Amino acid sequence: MGVPYIPVRGLAGTDVFARRTDMMIVHNPFDPDEKTVVAMAINPDVAICHAIKADRWGNAILRRGGDELLISQASAKVIITAEEIVDQVTEDDPDGLFISALNVTAVVHAPHGAHPAGVPGMYEMDRDHIKEYIAASRSDETFHAYLEKYVIGKTEAEYQALVTRPAVVAGDGA
Amino acid sequence: MTGRYNADELLAVLMSRHIDDFETVACGAISMLPASAILLAEATHAPNIDAIIRGSEVYGAGVGRDMHFIAQRGKLDMFFLSGVQFDGEGNLNLHVIGDPDAPDRRFPGGYGSGLLAYTAKKLMLFRTEHSTRVFVPEVDFVSAALKTDPTITRMKQQVWLFTPKAILRWDDGLQRYALLSYHRGTTPAEVQAATGFQLLIPPDVTETPEPTDEELQTLRTTVKERLIETGTYARWAETAFMPA
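How each quantity is defined
Residues numbered from 1 in each chain as written. Chains lettered and ligands numbered in written order. Predicted model: local features only at pLDDT ≥ 70, side-chain atom pairs only at ≥ 80, totals over all residues. Heavy atoms only, no water. Helix = DSSP H or I, 4+ residues; strand = E, 2+ residues; numbered from the N terminus. Rg over C-alpha atoms; globule rule 2.2 N^0.38 Å. Salt bridge = Lys/Arg side-chain N within 4 Å of Asp/Glu carboxyl O. Buried < 20%, exposed > 50% of the residue type's maximum accessible area, 1.4 Å probe, protein only. Phe/Tyr/Trp six-rings, centres within 6.5 Å; stacked < 30°, edge-to-face > 60°. Axes fitted to C-alpha atoms, helices over the stretch in contact; angles between N-to-C directions. Parallel < 35°, antiparallel > 145°, perpendicular 65-115°, else oblique. Left-handed = near helix turned anticlockwise from the far one by under 90°. Contact = heavy atoms within 4.5 Å. 1 Å grid on protein atoms, 1.4 Å probe; cavity = no way out; pocket = protein on both sides within 12 Å on 5 of 7 lines; lining within 4 Å. Points joined across faces, edges and corners; volume = space filled by probe spheres on them. Nonpolar A, V, L, I, M, F, W, Y, C, P; charged D, E, K, R; others polar. Pairing = 2+ DSSP bridges. Right-handed = clockwise from strand over helix to strand, strands pointing away. Polar contact = N/O pair within 3.5 Å; in protein donor to acceptor, adjacent residues only side chain to side chain.

(A) Examining the overall build of chain A more closely. Regarding its fold elements, chain A presents five helices and nine strands. Along chain A, from the amino end to the carboxyl end, the secondary structure elements read β-α-β-β-β-β-β-α-β-β-β-α-α-α. Radius of gyration (C-alpha) of chain A: 20 Å, far over the 16 Å computed for a compact globule of 174 residues. Viewed in the frame of its principal axes, chain A has a C-alpha envelope of about 60 × 45 × 30 Å.

(B) Local environment of the pattern of salt bridges. Applying the stated criterion across every chain, the model contains 21 salt bridges over all chains. In this structure, the salt-bridge partner of A:Arg20 is A:Asp22, at a minimum N-O distance of 2.7 Å. By relative accessible area, A:Arg20 is classed as partly exposed at 36%. Between B:Asp20 and B:Lys122 there is a salt bridge, with its nearest N and O atoms 3.3 Å apart. Linking B:Asp20 in the loop between α1 (7-16) and β1 (24-27) with B:Lys122 in strand β8 (residues 122-126), this pair joins segments that are 102 residues apart in sequence.

(C) Representation of the packing of aromatic side chains. Within the structure shown, the criterion is met by 10 aromatic pairs over all chains. Aromatic pair A:Tyr150 and A:Tyr159: ring centres 6.2 Å apart, planes at 70°, arrangement edge-to-face. Ring geometry for B:Phe135 against B:Phe197: centres 6.4 Å apart, planes inclined by 80°, an arrangement best described as edge-to-face. Taken together, the residues span a long stretch of sequence, with B:Phe135 in strand β9 (residues 135-136) and B:Phe197 in the loop between α5 (188-193) and β14 (206-207) at a distance of 62 residues. Just as B:Phe135 is buried, B:Phe197 falls in that class too. Here the aromatic residues A:Tyr133, A:Phe143, A:Tyr146, A:Tyr150 and A:Tyr159 are joined through ring pairs into a cluster of three or more.

(D) Geometry of the packing of α1(B) against helix α2 (residues 32-43) of chain B. Residue and element names in this part refer to chain B. Following both chains from N to C, one finds α1 and α2 inclined at 50°, their axes separated by 8 Å at the closest point. Considering their axes alone, α1 and α2 lie oblique with respect to each other. As α1 runs across α2, the sense of the crossing is right-handed. Along its contact with α1, which presents Asp8, Leu11, Ala12, Val13, Met15 and Ser16, the element α2 presents Leu33, Pro34, Ser36, Ala37, Leu40 and Ala41.

(E) How the structure looks around the layout of surface pockets. All names here are of chain A. Of the voids in this model, the second largest pocket is the one considered here, and its volume is about 400 Å³. Taken together, 18 residues make up the lining of the second largest pocket; nearest its centre are Arg63, Ala117, Gly118, Val119 and Pro120. Across the lining of the second largest pocket, the residue classes tally to 10 nonpolar, four polar and four charged.

(F) Here's a closer look at empty space enclosed by the protein. Counted under the stated rule, the structure contains one cavity of 30 Å³ or more. Each pocket or cavity is described by its volume, and for the largest cavity that value is around 30 Å³. In terms of lining residues, the largest cavity is bounded by A:Val8, A:Arg9, A:Gly10, A:Lys35, A:Thr36, A:Val37, B:Tyr118, B:Ile152 and B:Thr153. At three residues, strand β3 (residues 31-40) of chain A tops the list of elements feeding residues into the lining of the largest cavity.

(G) Local environment of the pairing of β1(B). Residue and element names in this part refer to chain B. On β1, burial covers both faces: Thr24 and Ala26 on one face and Val25 and Cys27 on the other are all buried. Here β1 runs beside strand β2 (residues 50-53); their pairing, made up of four bridges, is parallel. When the sheet's bridge partners are listed, Thr24 is paired in β2 with Asp50. In terms of handedness, the path from β1 via α2 over to β2 forms a crossover that is right-handed.

(H) Geometry of the sheet that holds strand β4 (residues 46-51) of chain A. Residues and elements named next belong to chain A. Pairing within the open sheet is parallel, and its three strands lie in the order β4-β7-β9. Looking at which strands have only one partner, the edges of the open sheet turn out to be β4 and β9 (106-109). In this sheet, adjacent strand axes meet at a mean angle of 20° when their direction is disregarded.

(I) Spatial organisation of the side chain of B:Ser56. Residue and element names in this part refer to chain B. Considering the arrangement of structural elements, one finds Ser56 in the loop between β2 and α3 (64-72). Only 3.2 Å separates the side chain of Ser56 from the backbone nitrogen of Val58, close enough to count as a polar contact. Side-chain polar atoms of Ser56 contact the side chain of Thr232, separated by 2.6 Å.

Next comes the structure, spelled out in structure tokens:
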């Protein structure tokens, strides 16, 4: 990634273009008879991605099937939070998807750090907490109350103590 | 409706008949009826299809990117899509009801719809309600469009729209929906009255062939079991179908 834009077939005729400036319909530079949609790149300043494990250099194992690697490759800085810091992470690790330290700016040891989401093989998503978050998101007042309860002025340890720990997935990881 | 089948079973059976063997067929993440249609086709006349069912533990695992690029290169034979509103210009809305800047209701959105409605060779639109609040003169937001500026590359497509009352067909030449068939218990006039835009109604339009006993039995046994054992809307499948 890091490319300035990407072409995509689709979306023509929809109201998307009237409401967004990051997508437009242009001529294919290689075939003037063809027009396609192009979408502007999203290049975050910082990506924060939670890993199953990482080493001190920043090599890490991400869950499979997610978009964390793609996001990291498009971002200026990448912070990896990891369940576990190990001596060395290698490309052939069977537990997930490898991301090279070349992409990574910093590593943070953050056990249970995916909460309220889950980590495959380690712990499940905390559905009750996500419901609470969604309910709180309905207005600025209720969302601010949520932040007061869980985030503002709280340390990571205080946050973890406040949330109910969901059941550990049986068999592995724990 | 005759009491032999419920509305969900009717739509699943009717959609399954349009799936041909060896096709690559796909549906999205909250797609119980398409999933049932796909598995019914696989269990009957189309055993060699490639099925992608997002949200299924077996049919949806690790194929999200594949689905995107298969569609982008024009190799996705069929995609299923629903919407909150459809209009007679071939637009569907899966974004908002009301003013997009201050919506009355929000829906999951439609980037997938806008991409896949454009690229699938056979587009299976469906809606579980056939009324004038669904089939409107003009949608509040165009999430996916059947009409495209002719200078923009788009493949030829076949498009159907399945409802509890009828099967509509998008007439590519006339750029309008035509009534392909109406279901047992309704009439072309009743279908038109429940539709907020003008349909083309051929004088020789016929009744939709009802689900056969064999189709219903397969749906209620093989397909139900398969949905449950593959983690494909298993909880829904427990109660969706009438007793075998």
